[in-house]
Amino acid sequence: MSSSDIFIGETIGTAILILLGGGVCAAVTLKASKARNAGWLAITFGWGFAVLTAVYTSAPLSGAHLNPAVTLALAIKDNDWSNVPTYFAGQLLGAMIGATLVWVAYYGQFHAHLTDKEIVGGPGAQATAAKAVEAQEKGAGPVLGVFSTGPEVRVVWQNLATEIIGTIVLVLAVLTQGLNDKGNGLGTLGALVTALVVVSIGLSLGGPTGYAINPARDLGPRIVHALLPLPNKGGSDWAYAWIPVVGPLAGGAIAAGIYNVAFA
């Protein structure tokens, strides 16, 4: 794969991943959406199908890493760092493009949601706005969850550990694909396996932090949230932003170590 193929493939694939994954978060969150309050099952399966679509689309060009934690793990496993910066750049750009497209697709819903006094508080707001106002005071605006993750309970070591554990599961599943098939991988079936692993992680481990398990998936959209002209959007919670970056990278590195010791 050439550097240009890698960059284009990762940009397109990660943009699709965030468009569909962030899209299901917007669908469930925003007040004027037909899918409002569809719940956690909708989000977890939406992200799983997003992974399936993104991996299947971008695999021919870049191998569909779509996640700096996966790229780091593969570099450690193979001791090949030559294309790591290209992968990282494509993933971050793609994540920002995907988040911007979510904003375009739900433009009217974002405006309606963020000008509703019951959502953002202010004069005339109802008591139901208290939780949203409290969240803003802590640094997370009322629609930040459409773009990036955040903890339900802020315990730094636990939040970090949750991201590390979830990413270890994801990356080990990626690295071990096809070991029973003479090491040739699972081909197109691998996209489905990875998607189902992501659904499983979301259902089992997603509750505490929203399971970023991907630095680009969290950082790129968080940057977009900070830049977009959204009314009453509140903060981007930069105090928390390092956890969904450092945690998945650490998890990816640990998973690569486990693979090299146990499977290589």
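Fair warning: this is a prediction, and the values are worked out from it, not measured in the lab.

## A word on the overall build of the protein
For the protein, the count of helices and strands is 12 helices and zero strands. Put simply, the protein runs from its N terminus to its C terminus through helices and strands in the order α-α-α-α-α-α-α-α-α-α-α-α. Burial statistics for the protein: of 264 residues in total, 48% are counted as buried.

## A word on helix H10 (residues 189-205)
Taking 1.5 Å per residue as the helical rise, H10 with its 17 residues ought to reach 24 Å, and the 24 Å between its terminal C-alpha atoms agrees with that figure. Taken residue by residue, H10 has Gly-190, Ala-191, Thr-194, Ala-195, Val-197, Val-198, Val-199, Ile-201 and Gly-202 as its buried positions. Buried-residue contacts for H10 involve helix H2 (40-62) and helix H9 (156-175).

## Focus on helix H3 (residues 68-78)
Considered for burial, the residues of H3 that qualify are Pro-68, Ala-69, Val-70, Thr-71, Leu-72, Ala-73 and Ala-75. Looking at the buried side of H3, the elements it contacts are helix H4 (84-105), H9, helix H11 (215-227) and helix H12 (243-262). Its side-chain oxygen at 2.8 Å from the backbone nitrogen of Ala-69, Asn-67 defines the N-terminal cap of H3.

## Notes on the packing of aromatic side chains
Tallied over the entire structure, the rule returns five aromatic pairs. Between the aromatic rings of Trp-40 and Tyr-211, the centroid separation amounts to 5.8 Å while the plane-to-plane angle is 70°, which identifies the pairing as edge-to-face. Placement of the pair is Trp-40 in helix H2 and Tyr-211 in the loop between H10 and H11, with a sequence separation of 171 residues. For Trp-40, a relative accessible area of 35% puts it in the partly exposed group. Note on Phe-110 and Phe-147: the rings are 5.7 Å apart at their centroids and 25° apart in plane angle, and the pair reads as stacked. Remark: Phe-147 occurs in helix H8 (residues 144-147) and Phe-110 occurs in helix H5 (residues 107-114); sequence separation between them is 37 residues. Taken individually, Phe-110 and Phe-147 each receive the classification buried, so the pair is uniform in this respect.

## Comments concerning the pattern of salt bridges
On inspection of all chains with the given rule, the structure shows five salt bridges. Of the charged contacts, one joins Asp-218 and Arg-222 as a salt bridge, the two residues approaching to 2.7 Å between their closest N and O atoms. Placement of the pair is Asp-218 and Arg-222 together in helix H11, with a separation of four residues, close to one helical turn. As far as burial versus exposure is concerned, Asp-218 and Arg-222 are alike and both buried. Through salt bridges with shared partners, one network takes in Lys-31, Asp-116 and Glu-118.

## A look at a nonpolar patch on the surface
Taken together, the side chains of Phe-7, Ile-8, Ile-12, Leu-61, Leu-93, Ile-97, Leu-101 and Val-104 make up a nonpolar region of the molecular surface, amounting to roughly 600 Å² of accessible area. Mapped onto the nonpolar patch, the elements with two or more residues apiece are helix H1 (3-29) and H4. A per-element tally of the nonpolar patch places H4 first, with four residues. Inspection of the secondary structure assignment puts Ile-8 in helix H1. The exposure class assigned to Ile-8 is partly exposed, which follows from its relative accessible area of 42%.

## Details of the confidence of the model for the protein
On average, the protein scores 91 in pLDDT, and the residues at 70 or more come to 89%. Note that pLDDT drops below 50 for residues 132-137; the model gives that stretch nine contacts with residues more than four away or on any other chain.

Cut-offs used in this document
- Residues numbered from 1 in each chain as written.
- Predicted model: local features only at pLDDT ≥ 70, side-chain atom pairs only at ≥ 80, totals over all residues.
- Heavy atoms only, no water.
- Helix = DSSP H or I, 4+ residues; strand = E, 2+ residues; numbered from the N terminus.
- Buried < 20%, exposed > 50% of the residue type's maximum accessible area, 1.4 Å probe, protein only.
- Expected span 1.5 Å × (residues − 1).
- Contact = heavy atoms within 4.5 Å.
- Polar contact = N/O pair within 3.5 Å; in protein donor to acceptor, adjacent residues only side chain to side chain.
- Phe/Tyr/Trp six-rings, centres within 6.5 Å; stacked < 30°, edge-to-face > 60°.
- Salt bridge = Lys/Arg side-chain N within 4 Å of Asp/Glu carboxyl O.
- Patch = residues over 30% accessible without salt bridge, like charges linked within 9 Å, V, L, I, M, F, W, Y side chains within 5 Å.
- Areas by Shrake-Rupley, 256 points an atom, 1.4 Å probe, with all protein chains shown as cover.
- pLDDT = per-residue confidence, 0-100.

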